[in-house]
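Examining the three-dimensional arrangement
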Amino acid sequence: MATIKGFIFDLDGVIVDTAKFHFKAWHRLAQDLGVNFTEAENEQLKGVSRKESLEKILEWGNISLEAQEFEERMAQKNEWYLDFVREMGQEEALPGAKEFLAESQKLNLAIGLGSASKNAALILDLLEVTPLFQTIIDGTKVSNSKPNPEVFLKGAEALNLAPESLVVFEDSIAGIEAANRGGFRSVGIGNKTILKDAEIVVSGLLRTAGTQNFMKVLNPYLALAMALWAKEQILKKTTAELAYKVAT
Ligand code: BG6
Ligand code: MG
């Protein structure tokens, strides 16, 4: 099995909690069109481009739109989505994500972004994590939406690494399928039942016993390095807790 040399991260729902904003904006637009969709159906919209998401909603409602209205509706959804994004702060970074990125960099792993979003650059800037990425492949750079593996294959090419030496972190069904089809290792972020095709599923990038396990499966050397980092964190926490206890 190839040694892990780098990570490719999806953005929405992996690094930042924007999946809920996409859902709210689409839900509002769908209601405007008289279509109702559930959180379960929303799983099918995750990882999928703006255009294909609207196509799915129209299909659910058995609606067809003229080209101009289609464009207007997409622009409207994006405006609503950006209203949420403009309000968001650093706290919308998902727990542990920024630390995980920083730690990956310390381990000299290649780091790439593989997202369907055309707003990815803006969001990475807002989170102040752009410099951590050696390559950013987003919705402005691909013509095929996940589950097509194009976004990750372009990332692998830019990083000059083989897919089997890269781990894709994904919260969407379409994204896990894309990673698997492209020959990447895959870590699902979220629910085991929903992301059943991922090699491993964890609830998030926050350092936990679970994440140490997934590192072990992916690469023993990496697991050791990550575990040492976790230990240091635990020690820091204990020291802080002790200091608190002494002080009170
Ligand atoms: C993906 C999201 O990351 O990006 C989808 O999971 C979204 O929900 C897609 O539709 C496209 O995003 P944007 O920002 O270009 O509309
Ligand atoms: Mg996602």
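See the structure above.
Conventions we followed
Residues numbered from 1 in each chain as written. Chains lettered and ligands numbered in written order. Predicted model: local features only at pLDDT ≥ 70, side-chain atom pairs only at ≥ 80, totals over all residues. Helix = DSSP H or I, 4+ residues; strand = E, 2+ residues; numbered from the N terminus. Buried ≥ 20, exposed ≤ 12 C-beta atoms within 10 Å, placed from the backbone. Near = placed C-beta within 6 Å. Nonpolar A, V, L, I, M, F, W, Y, C, P; charged D, E, K, R; others polar. Contact = placed C-beta atoms within 7 Å. Axes fitted to C-alpha atoms, helices over the stretch in contact; angles between N-to-C directions. Parallel < 35°, antiparallel > 145°, perpendicular 65-115°, else oblique. Left-handed = near helix turned anticlockwise from the far one by under 90°.

1. A look at the environment of Arg185
When you line up the elements, Arg185 lands in strand E5 (residues 185-189). By C-beta crowding, Arg185 is classed as buried, having 24 other C-beta atoms within 10 Å. Distance from Arg185 to Phe169, taken between C-alpha atoms, is 8.8 Å for residues 16 residues apart in sequence.

2. Brief notes about the site of ligand 1
Asp12, His22, Arg50, Ser117 and Lys118 are the nearest of the 19 residues found near ligand 1. Of all the elements in the fold, those that place two or more residues in the shell around ligand 1 are helix H1 (19-32) and helix H3 (50-60). Classifying every residue of the shell around ligand 1 gives five nonpolar, ten polar and four charged.

3. As for the environment of Val48
With respect to the helices and strands, the residue Val48 is situated in the loop between helix H2 (39-42) and H3. Overall, Val48 belongs to the buried group, with 21 C-beta atoms counted inside 10 Å. Taking the C-alpha atoms as reference points, Val48 and Ala116, separated by 68 residues in sequence, lie 6.4 Å from one another. Residue contacts for Val48: discarding those within four places in its chain leaves Ser53, Ala116, Ser145, Lys146 and Ala174.

4. Structural notes on the packing of H3 against helix H4 (residues 67-87)
Between H3 and H4, whose axes approach to 10 Å, the crossing angle comes to 110 degrees. Here H4 runs roughly perpendicular to H3, going by the angle between their axes. As H3 packs across H4, the resulting crossing turns out to be right-handed. In contact with Arg50, Lys51 and Leu54 of H3, H4 contributes Phe70, Arg73, Met74, Lys77 and Asn78. Partitioning the contact of H3 with H4 into residue classes produces three nonpolar, one polar and four charged.

5. Description of the environment of Gln105
Looking at where Gln105 falls in the secondary structure, it is placed in helix H5 (residues 97-106). Between the C-alpha atoms of Gln105 and Leu132, which are 27 residues apart in sequence, the distance is 7.2 Å. Ignoring any residue separated from it by four or fewer positions in sequence, one finds Gln105 in contact with Ile111 and Leu132.

6. Describing the packing of helix H7 (residues 150-159) against helix H8 (residues 173-182)
Closest axis-to-axis distance for the H7/H8 pair is 8 Å, and the angle between their directions is 50 degrees. Classified by the angle between their axes, H7 and H8 sit oblique to one another. When H7 is examined against H8, the residues Val151, Phe152 and Leu153 are found in contact with a partner set consisting of Ala178, Ala179 and Gly182. Residue classes in the contact of H7 with H8 are distributed as five nonpolar, one polar and no charged.

Purely spatial values, then, with no claim about function.
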